[in-house]
Each structure stands twice: as C-alpha cells, then as structure tokens.
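# Close look at the chain arrangement
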Amino acid sequence: MIEPRPERVLVVGLGTMGVSHARAYQAIDGFELVGLCTRNAAARSDLDAEFPGVPRFERLGEALEALKPDAVAICAYTEHHAPMAIEALKAGAHVFCEKPLADSLAAAEAVVGEARVAKKALLVGYILRVHPSWTRFIEIGRSLGKPLVMRMNLNQQSSGSSWEVHKNLMRSTSPIVDCGVHYVDVMCQATRAKPVLVHAVGARLTGEIAETMVNYGHLHIAFDDGSVGWYEAGWGPMMSETAFFVKDMIGPKGSVSIVASEAAGAGVRSSDHDTHTKTNALRIHHAALDPSGAFLTPDTIESTEDEPGHQELCEREQRLFLKAIRGEADLADHWADAVNSLRIVFAADESMRTGRAVSL
C-alpha cells in the first residue's frame, strides 16, 4: 500500500501555541512543516535551532503565494483568526485555527461557511477535547443526574512577557472569551442541553488596557434542563494564585472534581500552560446515604498521573486534523459546537457591558 504524501503545512503566529503546533507537525509523519509566518520573522533567531532551514515570512499572503501549502495553522492573535482563516481557505488550504475561532459571532459563522463552500477541513483548537482525563471528567459528570451544577475557573497571575501577551490579547478579547470557550464547551458537552440565559460581571483592574476592556470576568449560564454553571477568568500581575484552578460538577447523585494538587502546589505558577490542562486525579463523590444517614460509598479517586502533557496534546490535536484532512473525521458537529460556545461567551461580554442578563 502506498503511503499518502505528507500534508505541507504553514504555521502562522509563533508564540507559545504556534511553536508547540510547529513542533507537532515536525513530529508527525503525515505532515511536512514548510513555512513559518510571524511578525519580525527575520529577527526570530530563537526559531533557528528548532526549525532550521524552514522558510520564514512576514505576511500570510506572501507565504500562501510562495508555498501553496495544503494546510495552514493559524496561531496569531484573535482579531486575525477569521480573516486569516478565510484567506487560507480561499487559497485552497485546510485550516487549523487556535481558539477562539473569531472575535465576533458573525465572523466565526463566516469562517465555517467558507470551509463548507471550499470543502476543506477546519479544526478549532479545543485542546481539552483530545485530553483523556477531561473526556473522563465529562463522562462522569454525565452520570451524576440532572440538573448539573458546574464550577470552573482559570485565573492567571502574569508578569513580564506573559503580561505583555495578555495585554496584546485584550486588544480584542477578554479573558472570559479567550479562555472561557474551553470550559463553556465542557459544560455544553456535559449537559447536552440548550443554553438559555447568560449573565456576567467584570472588572478593569489596570490602566494598561482600553477603558472598554476588562481583565477579570465572571459568567453564569443557565440551561434548559435546569443545569447551571459559572466560569471565572482573570489575567494580570494583581491576580491571586489562591484557587486559580477549580473544576468540578455536582449532580443529584454526587460530584466529580479535578484534584489538581500539582497545579496548586508550591512553585507552580498559574501562568504555566501545563497547569491549565493537568488533572493529576479525579475525585468522585457518591451522594447515596445508608439508613443511618451515613454515606453508603466512600469517595473514590481515579489517578490520571499518566495523562499527556501540553506538547503531546498538541500532537493529538494535529493527528485529528490530519484525519479530518484525509476524510476520516466528520467535523460538522465540531463546527456547531465551536460557534455555540462562542455565542455564549460573547453573550457574557454583552452582559458585562450592559449590566443585563442575555437570553440566547
């Protein structure tokens, strides 16, 4: 059997995620990394050691014309996602796009529409969907009965270059949009119910961002099955490291919690990407009582010590992308879910601006 030729891929945006995905393309036999596109490309000497000989470009249009890649990975800042994705799709390339897919709901729907017209694969970087521990977390959550109460946060105390990245992100995207799409997506997977109402509050804790932007946000979401959830996200040097990582679900039959002991341990920083997905263990609480009123079954702990790290998760995402390119994975539901999670977090942004709950 003749092996299919590797998919020639261009990576756009070479920050933390872009470099991780570029590494993944180098590690996977089905891909060939043929180009890197980033601002100040010629000055990025840090890329020389890892990606020797890989051509570098300043502009996407220039790279598309020179390389004619089979696929493009878009890892730039959020405001560039939709226009770059559409440009790549129109050029005949499949697209992997980091989350969130776009900086507006209309733009996200336009990208999905272009992928349908072009008949190309479009995979959005929902990294938790390829994480076995998070898949198990959702599976257990679904077994707890309805309604569900879901509590999640990811606060990041950032300084130096990390704070600069966060400020750049906040030119277009608040923390509850940028990070919230992951965890709202988890809630939607767990409930399999329709979101009906969103309310959010936010605070601007620094003068280093636009007056219309907040660097802290807290959203509440209600579903049509009675389930509710909250999500909290804050960025900046003022953020607390206490309880920066809370992930659990509660139902009539009990609860499941991610026991992120390492993520909250001494010397571990909330700005470390590995802590954002690490679970360490799942604690399952059983609500059933015996005739005396005592718990019938003690809590159980499922170890997840062998879970993949951040780089392996990026490789899992790109293997899924390769399957989609080769027609081995249907992404229709993935597109619908990506747009749905954006609809919720953009409603939260609207609620913060207006001070009113938003019906969906």
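First things first, this report covers the structure right here in the doc. (Residues numbered from 1 in each chain as written. Predicted model: local features only at pLDDT ≥ 70, side-chain atom pairs only at ≥ 80, totals over all residues. Heavy atoms only, no water.)

### Here's the deal with the sheet that holds strand E1 (residues 7-12)
Read across the sheet, 6 strands follow the order E3-E2-E1-E4-E5-E6 without closing on themselves; strand pairing throughout is parallel. Of all the strands in the sheet, the pair left with one neighbour each is strand E3 (56-57) and strand E6 (122-125). Both E1 and strand E4 (residues 71-74) contribute to a ladder of 4 bridges, which runs parallel. From the neighbouring strand, Val9 faces E4, where its bridge partner is Ala71. Helix-sheet contacts for helix H3 (residues 60-67) involve E1, strand E2 (31-37), E3 and E4, and the interaxial angle to E1 is about 165°. The strands that helix H4 (residues 78-90) touches are E1, E4 and strand E5 (94-98); relative to E5, the one it contacts most, it runs at about 170°. (Pairing = 2+ DSSP bridges. Helix = DSSP H or I, 4+ residues; strand = E, 2+ residues; numbered from the N terminus. Contact = heavy atoms within 4.5 Å. Axes fitted to C-alpha atoms, helices over the stretch in contact; angles between N-to-C directions.)

### Some words on the packing of aromatic side chains
Within this structure, the stated rule accounts for 6 aromatic pairs. Each ring, one from Phe31 and one from Phe321, has its centre 6.2 Å from the other, and the planes form 25°; the classification is stacked. Residue Phe31 is found in strand E2, and its partner Phe321 is found in helix H11 (residues 310-325); the two are separated by 290 residues along the sequence. Judged by its relative accessible area of 6%, Phe31 is buried. With a centroid separation of 5.5 Å and 85° between ring planes, the pair formed by Trp134 and Phe137 is classed as edge-to-face. Placement of the pair is Trp134 and Phe137 together in helix H6 (residues 132-142), with a separation of 3 residues, close to one helical turn. Across this residue pair, the class does not change: Trp134 and Phe137 are buried. In textbook terms, an aromatic cluster arises when at least three aromatic residues are bridged by ring pairs, as seen for Tyr25, Phe31, Phe96 and Phe321. The positively charged end of Arg171 is found above the aromatic ring belonging to Tyr77, 5.2 Å away from the centroid. When the ring centre of Tyr183 is taken as origin, the NZ or CZ atom of Lys247, which lies over that ring, is 4.7 Å away. (Phe/Tyr/Trp six-rings, centres within 6.5 Å; stacked < 30°, edge-to-face > 60°. Buried < 20%, exposed > 50% of the residue type's maximum accessible area, 1.4 Å probe, protein only. Lys NZ or Arg CZ within 6 Å of the ring centre and 35° of its normal.)

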